[in-house]
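# Geometric and topological summary
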Amino acid sequence: MNDAPRTYDVIVIGAGPVGENLAGRARAAGLSTVVVESELVGGECSYWACMPSKALLRPALAQADARRLPGLKDAVQGPLDTPAVLARRDYFTANWKDDGQVAWLDSVDVDLVRGHGRLDGPRQVVVETPEGGSVRLAARHAVAVCTGTTAALPPMPGIADVNPWTSRDATSAKKAPRRLAVVGGGVVAVEMATAWQALGSQVTLLVRGGALLERVEPFAGEMVADAMREAGVDLRFGANVASVERDGAGGEVRIGLEGGARISADEVLFAVGRAPHTGDIGLETVGLKPGSWLTVDDTCQVTGVEGGWLYAAGDVNHRALLTHQGKYQGRMAGAAIGARANGEPVDDAPWGAHVATADHAAVPQVVFTDPEVAAVGLSAAEAEQAGRRVQVVDYDLAHVAGASLYGDGYRGKARMVVDLDRGILVGVTFVGPGVGELLHSATVAVVGEVPVDRLWHAVPAYPTISEIWLRLLETYRG
Ligand SMILES: Cc1cc2nc3c(=O)[nH]c(=O)nc-3n(C[C@H](O)[C@H](O)[C@H](O)COP(=O)(O)OP(=O)(O)OC[C@H]3O[C@@H](n4cnc5c(N)ncnc54)[C@H](O)[C@@H]3O)c2cc1C
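None of the values given here were measured: they were computed from a predicted structure.

### Section: unusual backbone geometry
In this model, Asp 370 is joined to Pro 371 through a cis peptide bond whose omega is 10 degrees. Checked against the element boundaries, Pro 371 lands in the loop between strand S17 (365-367) and strand S18 (372-377). For the peptide bond that leads from Tyr 462 to Pro 463, omega is -5 degrees, which places it in the cis range. In this structure, Trp 96 is a non-glycine residue whose phi angle is positive, near 55 degrees. Here Trp 96 lies in the loop between helix H4 (82-92) and helix H5 (99-107).

Okay, here's the thing in structure tokens:
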């Protein structure tokens, strides 16, 4: 190793969507910036998460929508063309090549060092390169850890021998297994169960608890569960996996449930949570615990590290494991690093503060199932737990003209949670086909703290699903 470090103002470890955004914003603030990436520039999101999963789901949801339209439904009764769907998925991952994203880094004048980065004391990073060498980097102002997460597997004897699918396999598989068991009831589990059932697998969804999507309003999980059953998914609640074994290499997987039931499948996907990608990044050299989530303040500065030079943004800080929210943190942290380096205040920028306040109040999320689930802010239960005096307003989306035009037998529901003391919305949830694109209107209302009375003057176009806003407001007024 050449011991003289290459010195930059900012070093970013991990070039996922968050690292890219943070680096771009730091560079735009005039700071020399390098990113370190051990796999592909673009991260999990581009190659094994958001993009490929949504590329798999889009034809499934379009087909379901089309099957609700007389005049069209007879034309789409056949199965999806799975090879064509997988080929389109491959296009969206650029066939797992990152040339386009590397070109973007070049275009914004951010350097790239390929290899595994580890902290080596304050402001120091050592990169183990793919060629077997190492590069030492030093930061004048900041090191930002944006290393994301990996799929967590339950500590079950023999699980590794089964070669189970994780989210990476579920988003990159080259063919549909005949029988796929999916373990989990969260977003990744329900989205991948929806996709592979539509792509030709017989999916069995094994959910430990009694509901799907436990972090959103309960009616959302119930509606998704009903629709999954109708789509042919064998959905089992209270299914606690006790054992897994594979019948020889490439043979079937046998899953034993607590209570004695057994299930056979060709593949088993574990979608039971995420673990921080911090086990081998040198955290111990700066007084932090390897393998831990990194706790940060609202500028994404890691708490408890002397000198304020260490930042952590995106999944790795466990605030909101979503690309858009991590990119927002990346923008805020990059700008805060720039402001601090330039001796400017972090909370006095022209467009508002360089602080990721939305993480606390308005995290939007869409679950791309049929029906879609779109939620922002607090659920009714969360608002009540937070001690707010709220009114919960529900409306059946099937009674909105735009929704009924969208497809026959449209099923959907909307809820807004009104803070009665402040007269503003603190949470909104939509469930139904096509509601994902409605969500930003709710996010603007929640973040903007728009008074409910003022919302009456935001007139939704007729006949769109957005008229749900009018119906919710009418219901609220009574
Ligand atoms: C199946 C699935 C579907 C999803 N769908 C959505 C969705 O639709 N919408 C949404 O908002 N979110 C979605 N998510 C979540 C989303 O993928 C993450 O929130 C997002 O990828 C986080 O970005 P990140 O940059 O923090 O981490 P990552 O995308 O994980 O990127 C981290 C990068 O750091 C690199 N790295 C790690 N350690 C080192 C090291 N020591 N040295 C150098 N490089 C390193 C990794 O190689 C990787 O490139 C989905 C997740 C999954 C699993």
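### Description of the domain arrangement of the protein
For the protein, the assigned domains are domain 1 (6-47 + 93-150 + 276-358), domain 2 (159-272) and domain 3 (371-477). The straight-line distance from the C-alpha centre of domain 1 to that of domain 3 is 36 Å.

### Focus on helix H13 (residues 439-447)
For H13, the full list of buried residues reads Leu 439, Ala 442, Thr 443, Ala 445 and Val 446. Relative to the axis of H13, the buried residues are bounded by an arc of 165 degrees and lie together on one face. For H13, the exposed residues set more than 90 degrees away from the buried face come down to His 440 and Val 447. Of the surrounding elements, those touching the buried residues of H13 are helix H10 (358-361), S17, S18, strand S21 (424-432), helix H14 (452-455) and helix H15 (468-477).

### As for the nonpolar core
With 36 residues, the main nonpolar core has Val 182, Trp 196, Leu 205, Leu 212, Met 228 and Leu 269 as its most contacted residues. Elements with a contribution of two residues or more to this core: helix H3 (50-66), H4, strand S8 (179-183), helix H7 (187-198), strand S9 (202-207) and helix H8 (218-230). Once residues lying within four places of it in the same chain are set aside, the contact partners of Leu 205 are Val 182, Gly 184, Ala 189, Val 190, Ala 193, Leu 212, Met 228, Val 233, Asp 234, Leu 235 and Arg 236. Counting residues in hydrophobic clusters, the runner-up holds 29 residues, among them Ala 362, Met 416, Leu 438 and Ile 465.

### Details of the site of the ligand
The ligand sits among 35 residues. The nearest are Glu 37, Lys 54, Gly 117, Asp 315 and Thr 323. Within the side chain of Lys 54, a nitrogen or oxygen atom sits 2.8 Å from an oxygen atom of the ligand. A distance of 3.2 Å separates an oxygen atom of the ligand from a polar atom in the backbone of Leu 322. In the complex, the protein chains occlude 93% of the 1000 Å² of accessible area that the ligand would expose alone. Elements supplying a minimum of two residues to the shell around the ligand: helix H1 (17-28), strand S2 (33-37), helix H2 (43-48), H3, strand S4 (116-119) and helix H9 (323-341). Residue classes in the shell around the ligand are distributed as 13 nonpolar, 16 polar and 6 charged.

### A word on the UniProt feature "binding site: FAD" (unreviewed entry) in the protein
The positions UniProt marks with the feature "binding site: FAD" (unreviewed entry) are Lys 54, Gly 117 and Asp 315. For the annotated residues, spread through 262 residues, the largest C-alpha to C-alpha distance comes to 30.0 Å, inconsistent with a single compact locus. Structurally, the position occupied by Lys 54 is in helix H3. Overall, the relative accessible area of 23% leaves Lys 54 in the partly exposed class. Other than its neighbours up to four places away in sequence, Lys 54 contacts Glu 191 and Phe 368. One can find Gly 117 in strand S4. If we ignore the near neighbours within four places in the chain, the residues touching Gly 117 are Ile 13, Val 36, Val 125, Val 126, Val 127, Asp 280 and Ile 281.

### Some details on the packing of H1 against H9
Close contact between H1 and H9 brings their axes to 7 Å; oriented N to C, the two are set at 25 degrees. Overall, the two elements H1 and H9 adopt an arrangement that is roughly parallel. In this structure, the crossing between H1 and H9 has a hand that is right-handed. Packed against H1, whose contacting residues are Pro 17, Val 18, Asn 21, Leu 22, Arg 25 and Ala 26, the element H9 presents Thr 323, Gly 326, Lys 327, Gly 330, Arg 331, Ala 333, Gly 334, Ala 335 and Ile 337 at the interface. For the contact of H1 with H9, the class distribution of residues is 7 nonpolar, 5 polar and 3 charged.

### Examining the side chain of Arg 136
By the secondary structure assignment, Arg 136 is in strand S6 (residues 134-145). Take Arg 136: its relative accessible area is 16%, and that puts it in the buried class. At 3.5 Å, the side chain of Arg 136 and the side chain of Gln 124 are in polar contact.

### Considering the sheet that holds strand S12 (residues 253-257)
Spatially, 3 strands are ordered S11-S12-S13 in an open sheet, and the strand pairing comes out antiparallel. The sheet is open, and its two edges are formed by strand S11 (241-246) and strand S13 (262-265), each paired on a single side. Direction aside, neighbouring strands of the sheet carry axes that sit 20 degrees apart on average. Pairing of S12 with S13, which is carried by 4 bridges, proceeds in the antiparallel orientation. Within S13, the residue paired with Arg 254 across the bridge is Ser 264.

### Focus on the pattern of salt bridges
All told, the structure shown has 31 salt bridges when counted by the stated rule. Residue Arg 168 is joined to Glu 44 by a salt bridge in which the shortest nitrogen-to-oxygen separation is 2.9 Å. Highlighted residues: Arg 168 in helix H6 (residues 167-172) and Glu 44 in helix H2, separated in sequence by 124 residues. By relative accessible area, which is 22% here, Glu 44 ends up partly exposed. Glu 230 is the partner of Arg 411 in a salt bridge, and the nearest nitrogen-oxygen pair spans 2.8 Å. With Arg 411 in the loop between helix H12 (401-406) and strand S20 (413-419) and Glu 230 in helix H8, this residue pair connects regions lying 181 residues apart in the sequence. The exposure class assigned to Glu 230 is exposed, which follows from its relative accessible area of 55%. Connected via shared salt-bridge partners are Arg 179, Glu 245, Asp 247, Glu 252, Arg 254, Arg 262 and Asp 266.

Basis of the calculations
- Residues numbered from 1 in each chain as written.
- Predicted model: local features only at pLDDT ≥ 70, side-chain atom pairs only at ≥ 80, totals over all residues.
- Heavy atoms only, no water.
- Helix = DSSP H or I, 4+ residues; strand = E, 2+ residues; numbered from the N terminus.
- Domains from an automatic or database assignment.
- Buried < 20%, exposed > 50% of the residue type's maximum accessible area, 1.4 Å probe, protein only.
- Arc of directions from axis to C-beta.
- Contact = heavy atoms within 4.5 Å.
- Core = buried A, V, L, I, M, F, W, Y, C linked by side-chain atoms within 4.5 Å.
- Near = heavy atom within 4 Å.
- Polar contact = N/O pair within 3.5 Å; in protein donor to acceptor, adjacent residues only side chain to side chain.
- Areas by Shrake-Rupley, 256 points an atom, 1.4 Å probe, with all protein chains shown as cover.
- Nonpolar A, V, L, I, M, F, W, Y, C, P; charged D, E, K, R; others polar.
- UniProt positions renumbered as here; feature names shortened; annotations may be inferred.
- Axes fitted to C-alpha atoms, helices over the stretch in contact; angles between N-to-C directions.
- Parallel < 35°, antiparallel > 145°, perpendicular 65-115°, else oblique.
- Left-handed = near helix turned anticlockwise from the far one by under 90°.
- Pairing = 2+ DSSP bridges.
- Salt bridge = Lys/Arg side-chain N within 4 Å of Asp/Glu carboxyl O.

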